[in-house]
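Structure assessment
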Amino acid sequence: MDLSLSQSIIPTPIIPCNKSHTFNFKLFPNFPNSNSKSRNFLGKPLISRQNRPIRIRIRIRAQTPNVNNDNDGFVLEDVPHLTNFLPDLPSYPNPLQNSKAYAIVRQTFVHPEDVVAQKVVVQKDSPRGVHFRRAGPREKVYFKSEEVRACIVTCGGLCPGINTVIREIVCGLNVMYGVDDILGIEGGYRGFYSKNTMSLTPKVVNDIHKRGGTFLRTSRGGHDTHKIVDNIQDRGINQVYIIGGDGTQKGAALISKEVEKRGLQVAVAGIPKTIDNDIAVIDKSFGFDTAVEEAQRAINAAHVEVESVENGVGIVKLMGRYSGFIAMHATLASRDVPSIQYQGA
Ligand SMILES: Nc1ncnc2c1ncn2[C@@H]1O[C@H](COP(=O)(O)OP(=O)(O)O)[C@@H](O)[C@H]1O
Ligand SMILES: O=P(O)(O)OC[C@H]1O[C@](O)(COP(=O)(O)O)[C@@H](O)[C@@H]1O
């Protein structure tokens, strides 16, 4: 999957209700300069949620070259927010603040000014570089729990862990945020306008993470922005969670633009899916570990065959048309392959 960073949509993380299935969209938790003073590197609030243009790209350069100025070459690749076009939208305290079970979150809310650097290693006097908005629960939210009608859709190819993601969105919304109106859109984008929805509750999704594939089914094609947004409007949906690869996220961006054009209070969250782990800015894409484990099985099997005959040669072809991370990690982990040569297409 080729998910270029400028097109990436950073999702608000859903903290799982079951620790054993944790997956983490938090970006570089060890991001340096995390003290509150250095966060305000622009010397003024970085984010004005009011009247903020969509996907702003702030470039600030120091007047004098080679001056060690905190603002030098700082670029923020932002994501759209509802208040860009609905500036008077009221906000509410995050329900997690009142939760005994999740009380710890109060201390770890993501500050609105938190960003994540694309490059961890920089040189002295080099530009600060590109930064992304940090994902995570905020102190304020823009929906009342009882007014949320969420939906989840899965599009494009398969990847291990999709069902876990679906489950965690449902459980996270329900258990942590008190949302009980969650719809499953079946069969990818076209499911918005050609199929009925299913109701998703923690009980319905309880066991789905033990199965492969996607519980909601998927498809390629069928992205008709107007028909999809018409349907979102007709069904009174106000939160849309879209799980998929680069094609899917392009579709999500179009939906978000159409929502803005119509002035709807609908939040669109894209959850990047790639088995290849080729999104630089996140810790790890879900499903990658499983793919590496499975790949090692193939390598191990070939190794057993090779060892049992004279001059045996085993050939294992692993997936990853444009990305060699699965092949590289599986090979390094198994130690059965003396040297690695990765050849992309
Ligand atoms: N450029 C695009 N604009 C809008 N929708 C797109 C675009 N590319 C793909 N899609 C839609 O996204 C869905 C999945 O796309 P696909 O490229 O097949 O998989 P993936 O999301 O895994 O890359 C399909 O329903 C497709 O119609
Ligand atoms: O088996 P191959 O040809 O290496 O294909 C594997 C590739 O297919 C994918 O699963 C899907 O790729 P596309 O989204 O381009 O169809 C990639 O994530 C992966 O790298």
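What this report covers is the structure whose coordinates are included nearby. All residue numbers refer to positions counted from 1 along the written sequence of the respective chain. The naming scheme follows written order: chains are lettered A onward, ligands numbered 1 onward. Only residues with pLDDT of at least 70 are given local features in this predicted model, and only at 80 or more are side-chain atom pairs given and counted; all residues enter the totals for whole chains, interfaces and linings. The side-chain values count all of the structure's non-hydrogen atoms but skip hydrogen atoms and water molecules.

Observations concerning a nonpolar patch on the surface
The test is simple: Nonpolar side chains (Val, Leu, Ile, Met, Phe, Trp, Tyr) are joined into patches within 5 Å and like charges within 9 Å, using only residues with over 30% relative accessible area and no salt bridge. Accessibility throughout is a Shrake-Rupley quantity obtained with a 1.4 Å probe, and a residue counts as covered only by protein chains that appear here. The term salt bridge refers to a pairing of a side-chain nitrogen on Lys or Arg with a carboxyl oxygen on Asp or Glu at a separation within 4 Å. Think of it this way: any DSSP run of H or I at least four residues long counts as a helix, any run of E at least two long counts as a strand, and we number them from the N terminus. Throughout, exposure labels follow a simple rule: accessible area from a 1.4 Å probe, protein chains only, divided by the maximum for the residue type, with under 20% read as buried, over 50% as exposed, and the rest as partly exposed.
Judged by side-chain polarity, F325, M328 and L332 come together as a nonpolar surface patch covering roughly 240 Å² of accessible area. Tracing the backbone through its elements, the reader meets M328 in helix 8 (residues 325-334). Overall, the relative accessible area of 34% leaves M328 in the partly exposed class.

Comments concerning the pattern of salt bridges
Taken as a whole and assessed by the stated rule, the structure comprises 11 salt bridges. Between R133 and D78 there is a salt bridge whose closest N-O contact spans 2.4 Å. Of this pair, R133 sits in strand 5 (residues 129-133) while D78 sits in the loop between strand 2 (74-77) and strand 3 (92-93); the two residues are 55 residues apart in sequence, bridging distant segments of the chain. Residue R133 is classed as buried on the basis of its relative accessible area of 4%. When its relative accessible area of 0% is taken as the criterion, D78 is described as buried. We note a salt bridge from R167 to E168, for which the minimum N-O separation is 3.7 Å. Linked by salt bridges that have partners in common, D230, E258, K261 and R262 make up one network.

Concerning helix 3 (residues 162-177)
Quick note on the threshold: In this analysis, the expected span of each helix is defined as 1.5 Å times one less than the number of residues it contains.
Between its first and last C-alpha atoms helix 3 spans 21 Å; for 16 residues at 1.5 Å apiece the expected length is 22 Å, and the two agree. Positive backbone phi, approximately 70°, marks G178, located one or two places after helix 3.

A few points about the site of ligand 1
The condition that has to hold: Any residue with a non-hydrogen atom lying within 4 Å of a molecule or strand is treated as near it. Under this definition, polar contacts are N or O atom pairs within 3.5 Å; protein pairs additionally need one hydrogen-donor-capable and one acceptor-capable atom, and for neighbouring residues in sequence, both atoms have to be side-chain atoms. Throughout, the ten residues Ala, Val, Leu, Ile, Met, Phe, Trp, Tyr, Cys and Pro are labelled nonpolar, Asp, Glu, Lys and Arg are labelled charged, and all others, Gly among them, are labelled polar.
Near ligand 1 you find 15 residues, and of these R220, G221, G245, D246 and T248 are the closest. A distance of 2.6 Å separates an oxygen atom of ligand 1 from a polar backbone atom of G221. Between ligand 1 and the protein, one listed contact pairs an oxygen atom with a side-chain N or O atom of K273 at 3.4 Å. Protein contact buries 74% of the 550 Å² of open area that ligand 1 shows by itself. A class-by-class count of the residues in the shell around ligand 1 yields three nonpolar, eight polar and four charged.

These figures capture arrangement, not role.
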